[in-house]
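Listed below, chain by chain, are the residues.
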Amino acid sequence: MAVAREAMSRLVRDIPDFPEPGIVFKDIMPLLADHDGFHAVVTALAESGRDEHGEVIVDKVIGMEARGFLVGAPVALALGAGFTPVRKAGKLPGPTHAVTYDLEYGTATLEMHQDAIEPGDRVLLVDDVLATGGTARATAELVSRCGGTVVGVAVLMELGFLSGREQLGDLPVDSLAVV
Ligand code: AMP
């Protein structure tokens with residue numbers, strides 16, 4: 001965990017005013033490009049899918065578009081679990097469930113294949129950044145439409161000033177850094 005935190009502080013860079021003025025974008029590309037750093041953060045995130053004895057407690061890992069794919073897929077492999085993408089509207093080819101949620105300006109829609117999660121599946125949500133919590137909350141709703149259970153949310157970083165975890169009720173949220 002300490003190695004993962006050190007890698008994050010060294011290899012995640014702040015890009016001011018991207019993608020719009022006033023936003024400080026957390027760019028994880030240098031972290032992904034560093035094998036030891038990437039490996040350390042994937043190993044640390046995967047801990048959220050294990051119990052206190054180290055036993056895997058999830059059947060599926062979901063990554064949210066797009067950087068959630070990059071960190072979620074290796075977490076799924078590390079846990080021996082399946083991986084499922086949650087995508088922006090119109091990207092998935094099969095029958096989907098869809099959830100529309102509010103953004104600061106306007107709305108966004110996320111979709112997941114209806115057969116991606118089996119009833120009873122235990123699911124870990126993985127993303128790079130938890131900001132307002134809207135993405136994670138909408139994804140949890142998609143899981144419940146399929147009859148699955150979200151056991152937790154694991155992110156590299158949580159933007160503490162946005163209080164995203166308050167959107168998630170009782171769901172456990174593990175973040176490697178609060179920024
Ligand atoms: P939210 O739904 O507000 O919790 O936003 C989370 C989603 O937006 C994640 O998929 C992140 O990749 C992305 N995101 C939000 N804020 C930032 C940020 N400051 N830097 C990088 N990605 C962000």
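Report follows, based on the coordinates.

Let's talk about the overall build of the protein chain
- Assigned secondary structure in the protein chain consists of five helices and nine strands.
- The N-to-C order of helical and strand elements in the protein chain reads α-β-β-α-α-β-α-β-β-β-β-α-β-β.
- Compactness check: the protein chain gives a C-alpha radius of gyration of 16 Å against a globular reference of 16 Å for 179 residues, within 12% of the reference.
- Along the three orthogonal principal directions, the C-alpha set of the protein chain runs to about 45 × 40 × 30 Å.
- Looking at the protein chain as a whole, 45% of its 179 residues qualify as buried.
- Within the protein chain, contacts between residues separated by at least 24 positions form 57% of all contacts whose residues are at least 6 apart in sequence.
- Of the accessible surface of the protein chain, which amounts to about 9,100 Å², a share of 53% is contributed by carbon and sulfur atoms.
- Of note, the protein chain has its 14 positive side-chain charges centred 3 Å away from the centre of its 26 negative side-chain charges.

Here's the deal with the site of the ligand
- The environment of the ligand is made up of 14 residues, and the closest members are Asp-127, Asp-128, Thr-132, Gly-133 and Thr-135.
- Taking Val-24, its main chain carries an N or O atom lying 2.9 Å from a nitrogen atom of the ligand.
- Contact between the ligand and Gly-133: an oxygen atom at 2.8 Å from a main-chain N or O atom of the residue.
- The protein chains hide 83% of the 480 Å² of surface that the ligand would expose on its own.
- If you map the ligand onto the pockets, it falls in the largest pocket.
- Looking at the shell around the ligand, the elements with two or more residues in it are strand S2 (24-27), strand S7 (122-130) and helix H5 (134-145).
- Counting residues per element, the shell around the ligand draws most heavily on S7, at four residues.
- Looking at the shell around the ligand, its residues break down into six nonpolar, four polar and four charged.

Observations concerning the nonpolar core
- Ranked by internal contacts, the top residues of the largest apolar core, which has 28 residues, are Met-8, Val-75 and Leu-156.
- Those elements that place two or more of their residues in this core are helix H1 (2-11), helix H2 (29-32), helix H3 (35-46), helix H4 (67-79), S7, strand S8 (149-158) and strand S9 (173-178).
- Looking at this core, the element that brings in the most residues is H3, giving six residues.
- Not counting the four nearest positions on each side in its chain, Met-8 is found in contact with Leu-31, Val-41, Leu-156, Met-157, Leu-176 and Ala-177.
- Tyr-101, Ala-108, Ala-140 and Leu-168 belong to the second-largest nonpolar core, a separate cluster that totals 25 residues.

A look at the layout of surface pockets
- Roughly 1,300 Å³ of volume is contained in the largest pocket.
- For the lining of the largest pocket, the elements supplying multiple residues, two or more each, are S2, strand S5 (96-102), strand S6 (107-113), S7 and H5.
- Per-element tally for the lining of the largest pocket: the top contributor is S7, with four residues.
- Within the lining of the largest pocket, the residues separate by chemical class into 20 nonpolar, six polar and nine charged.

The rules behind each value
- The numbers attached to residues start from 1 for each chain and follow its sequence in the written order.
- Residue-level local features of this predicted model are given only where pLDDT is at least 70; pairs of side-chain atoms are given and counted only at 80 or more, and the full residue set underlies all totals for whole chains, interfaces and linings.
- Think of the side-chain values as coming from all heavy atoms in the structure, minus any hydrogens and water.
- In DSSP terms, a helix is any run of H or I states spanning at least four residues, a strand is any run of E spanning at least two, and both are numbered starting from the N terminus.
- Both definitions apply: the radius of gyration is a C-alpha atom measure, and the globule rule equals 2.2 Å times residues to the power 0.38.
- The buried label goes to any residue with under 20% of its type's maximum accessible area, the exposed label to any with over 50%, and the partly exposed label to all in between, with areas taken from a 1.4 Å probe on protein chains only.
- Between two residues, a contact is recorded if the distance between any of their heavy atoms is within 4.5 Å.
- Computed with the Shrake-Rupley method and a 1.4 Å probe, the accessible areas treat only the protein chains shown as cover for residues.
- Positive: Lys, Arg. Negative: Asp, Glu. His and the chain ends are not part of the count.
- Working definition for charges: the position is that of NZ of Lys, CZ of Arg, CG of Asp or CD of Glu.
- Working definition: residue near molecule or strand if any one of its non-hydrogen atoms lies within 4 Å of it.
- Here a polar contact is recorded for every N or O atom pair within 3.5 Å, except that within protein the pair must consist of a potential hydrogen donor and a potential acceptor, and residues adjacent in sequence are included only if both atoms are side-chain atoms.
- Definitions used throughout: a 1 Å grid over protein atoms alone; a cavity as a set of points that fits a 1.4 Å probe which cannot get out; a pocket as an open set with protein on both sides within 12 Å along at least five of seven lines; a lining residue as one with an atom within 4 Å of a point.
- Placement in a cavity or pocket follows one criterion, namely that more than half of the molecule's atoms lie within 2 Å of its grid points.
- Amino acid classes used here: Ala, Val, Leu, Ile, Met, Phe, Trp, Tyr, Cys and Pro are nonpolar; Asp, Glu, Lys and Arg are charged; the rest, including Gly, are polar.
- Nonpolar cores are built from buried Ala, Val, Leu, Ile, Met, Phe, Trp, Tyr and Cys residues. Side-chain atoms within 4.5 Å join them into one set.
- Grid points are joined across faces, edges and corners, and a volume is the space filled by probe spheres set on the points.

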